Amino acid sequence: MTQGEALEWAGPSAMRRVWLLGMGAGLLGAVPHALRAYAEDPRDLLLKLALALLPYSVWALLGPLVLAVFQRIPPERPRRVRHLGLLLVAGAGFVQVHVLLLAPVLSALQQWSARGVSFTEGLWRLLLERGATGYFEYLLLLAAWLALRSTRRLRERELAESRLAAQLAEARLQALRAQLDPHFLFNTLNAVAGLVRQQRNPEAVEALAELGHLLRASLEGRGDHEVLLEDELELVRRFLGIEQLRFGGHLEVHLSPGPDTLKARVPALILQPLVENAIKHGIARKTARGQLQVSTARQGNRLLLEVRDDGPGLRAGGAGGTGIGVANTRARIRQLYGEPYGLTLEDLPGGGVLAKVELPFVETKTDMVRGTRG
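Residues numbered from 1 in each chain as written. Predicted model: local features only at pLDDT ≥ 70, side-chain atom pairs only at ≥ 80, totals over all residues. Heavy atoms only, no water.

### Brief notes about the overall build of the chain
Thinking step 1. When its secondary structure is counted, the chain shows 10 helices and seven strands.
Thinking step 2. Within the chain, the proportion of its 374 residues that are buried is 39%.
Thinking step 3. Restricting the contact set of the chain to residue pairs at least 6 apart, pairs at least 24 apart contribute 74%.
Thinking step 4. Accessible surface, the chain as shown: approximately 21000 Å² in total, 58% of it carbon and sulfur. (Helix = DSSP H or I, 4+ residues; strand = E, 2+ residues; numbered from the N terminus. Buried < 20%, exposed > 50% of the residue type's maximum accessible area, 1.4 Å probe, protein only. Contact = heavy atoms within 4.5 Å. Areas by Shrake-Rupley, 256 points an atom, 1.4 Å probe, with all protein chains shown as cover.)

### Let's talk about helix α4 (residues 80-110)
Thinking step 1. Counted at 1.5 Å a residue, the expected span for α4 with its 31 residues is 45 Å, and the 43 Å between its end C-alpha atoms agrees.
Thinking step 2. Those residues of α4 lying buried are H83, L87, G91, F94, V95, H98, V99, L102, A103, L106 and S107.
Thinking step 3. Downstream of α4 by a residue or two, Q111 has a phi angle that is positive, lying close to 55°. (Expected span 1.5 Å × (residues − 1).)

### Examining the sheet that holds strand β6 (residues 342-347)
Thinking step 1. Read across the open sheet, the five strands follow the order β2-β4-β5-β7-β6; overall the sheet is mixed. At either margin of the open sheet sits one strand with a lone partner, and together these are β2 (251-257) and β6. Strand-to-strand twist in this sheet, taken as the mean axis angle between neighbours without regard to direction, amounts to 15°. (Pairing = 2+ DSSP bridges. Axes fitted to C-alpha atoms, helices over the stretch in contact; angles between N-to-C directions.)

### Details of the packing of aromatic side chains
Thinking step 1. Per the counting criterion, the structure on display carries four aromatic pairs.
Thinking step 2. An angle of 25° between the planes, with centres 6.0 Å apart, marks the rings of F94 and Y138 as stacked. Pair noted here: F94 is in helix α4 and Y138 is in helix α5 (residues 119-197), with a separation of 44 residues, a long-range link.
Thinking step 3. Accessibility expressed as a relative area gives 7% for F94, which makes it buried.
Thinking step 4. Between Y337 and Y341, the ring centres sit 6.3 Å apart and the planes meet at 75°, which makes this aromatic pair edge-to-face.
Thinking step 5. Looking at Y337, the relative accessible area reads 18%, which means it is buried.
Thinking step 6. If you follow R298 out to its NZ or CZ, it ends over the ring of F361, 4.0 Å from the centre. (Phe/Tyr/Trp six-rings, centres within 6.5 Å; stacked < 30°, edge-to-face > 60°. Lys NZ or Arg CZ within 6 Å of the ring centre and 35° of its normal.)

### Some thoughts on unusual backbone geometry
Thinking step 1. Of note, the phi angle at Q199 is positive, near 55°, even though the residue is not glycine.
Thinking step 2. Classification of Q199 by relative accessible area gives exposed; the value is 68%.

### Some words on helix α7 (residues 229-247)
Thinking step 1. Along its 19 residues, α7 runs 26 Å from first to last C-alpha, staying within 8% of the 27 Å computed at 1.5 Å per residue.
Thinking step 2. Those residues of α7 lying buried are L229, E232, L233, L235, V236, R238, F239, L240, I242, E243, L245 and F247.

### Some points on a nonpolar patch on the surface
Thinking step 1. On the surface, V31, L35 and L45 cluster together into a nonpolar patch covering about 220 Å² of accessible area.
Thinking step 2. With relative accessibility at 31%, the residue V31 sits in the partly exposed group. (Patch = residues over 30% accessible without salt bridge, like charges linked within 9 Å, V, L, I, M, F, W, Y side chains within 5 Å. Salt bridge = Lys/Arg side-chain N within 4 Å of Asp/Glu carboxyl O.)

### Overview of the pattern of salt bridges
Thinking step 1. Considering all chains together, one arrives at nine salt bridges under this definition.
Thinking step 2. Measuring nitrogen to oxygen at the nearest pair gives 2.8 Å for the salt bridge that ties E234 to R237. Separated by three residues within a single helix, E234 and R237 lie in helix α7, roughly one turn from each other.
Thinking step 3. Judged by relative accessible area, E234 falls into the partly exposed class, the value being 30%.
Thinking step 4. Linking R302 and E358 is a salt bridge whose minimum nitrogen-to-oxygen distance equals 2.7 Å. Of the two residues, R302 sits in strand β5 (residues 302-309) while E358 sits in strand β7 (residues 353-360), which places them 56 residues apart along the sequence.
Thinking step 5. One continuous salt-bridge network, built from bridges that share partners, spans E234, R237 and R238.

### Digging into the UniProt feature "transmembrane region" (unreviewed entry) in the chain
Thinking step 1. Mapped onto the present numbering, the UniProt feature "transmembrane region" (unreviewed entry) falls on residues 18-39, 45-71, 83-107 and 127-148.
Thinking step 2. With 100% helix and 0% strand, residues 83-107 has end C-alpha atoms that lie 36 Å from one another. (UniProt positions renumbered as here; feature names shortened; annotations may be inferred.)

### Considering the nonpolar core
Thinking step 1. Core analysis: the biggest nonpolar cluster contains 44 residues, and L271, V275 and L305 have the highest contact counts within it.
Thinking step 2. If one sorts the elements of this core by residue count, α7 sits on top with nine residues.
Thinking step 3. Residues contacting L271, with those up to four places away along its chain left out, are L229, E232, L233, V236, V294, L305 and V307.
Thinking step 4. Membership of the second largest hydrophobic core comes to 21 residues, among which are L54, V69, L87 and L142. (Core = buried A, V, L, I, M, F, W, Y, C linked by side-chain atoms within 4.5 Å.)

### Some remarks on the pairing of β6
Thinking step 1. As defined by bridge partners, β6 adjoins β7 across six bridges and the pair is classed as antiparallel. Its bridge partner being in β7, D347 is matched across the sheet by V353.
Thinking step 2. Hairpin connection, β6 to β7: the antiparallel pair is bridged by five residues, and G351 has positive phi, about 105°.

### Points about the packing of α7 against helix α8 (residues 272-281)
Thinking step 1. Relative orientation of the contacting elements α7 and α8 amounts to 20°, with a least axis distance of 10 Å. The pairing of α7 with α8 is recorded here as roughly parallel in orientation. For the pair α7 and α8, the crossing hand works out as right-handed. On α8, the residues that touch E232, V236, F239, L240, E243, R246 and F247 of α7 are Q272, V275, E276 and I279.
Thinking step 2. Class assignment of the residues belonging to the contact of α7 with α8 gives a composition of six nonpolar, one polar and four charged. (Parallel < 35°, antiparallel > 145°, perpendicular 65-115°, else oblique. Left-handed = near helix turned anticlockwise from the far one by under 90°. Nonpolar A, V, L, I, M, F, W, Y, C, P; charged D, E, K, R; others polar.)

Right under this line is the structure:
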């Protein structure tokens, strides 16, 4: 309980809540005593119930003050033993206050003076009768408060740890995304620069236009860790358009997305590094015409993304598997989805490399997409 919560407990509305809770608990404890007394003397049931309920009502009235003392002297390190001792001593004082508040009411209800019992004598008897019981009730209240406080602190610590883990994951993702964006940009600029060096000016102008679309799409979704697969495929299509201008007829591209996968959510820039890797380490190492295929499919609750090339393959020193793009992709998948999902690279029987990404299939409804974009 924080200091602000302690002050809230001391307010009038909080005092009513404490009193009502105390009355409810006291009623459960008082009814059996009242019924037992009524069985011995079947008269004045309501009076017997009031007498049995009265001690609990007084504790309910003292509740805010008791809680304030608990808050001021919490039995926690480094002064746990000392504070616990102070609370135990304070309990004796609260029991005396409890008896002092209880005595006038019992004196009136039980008519001490009419029975020839002075107030001082009745107070002393009440202290002897209620002292041990009242102190036990105080210890129960202290134990309940310590249990609630411990539970709350544990919950707050777990919440703080989960927030810290989320912040750490967010920081890692931001770092990975920040690392990937310039990598993507520089490689695209290199493709355009290659066209300029070859004095293929019309293709260079067209590539610059495509680059403008790429930059705009990349900047629009810069803060998003996940995007629609159809948007990711559009980014890949524009990137491959630039590469086809650079390679001329040397590069043949096939995009084969599954129609039921287009609304699935995928990590932003998940395919582009794999496509770039296939071109750089696969297609570019061939003298003949190269083929690159990008396909997507749904298998149950999983989404499969595949990038195939017909280059020399991994064993022949072709497609790299440890570059920034591949390593970054693996790290982002692990950070976002955990161990069951990931990226694998393998040689194909007929030559080339297959890059396969497995992700959880999470589909975004069309109306939700419209609402987000609108």
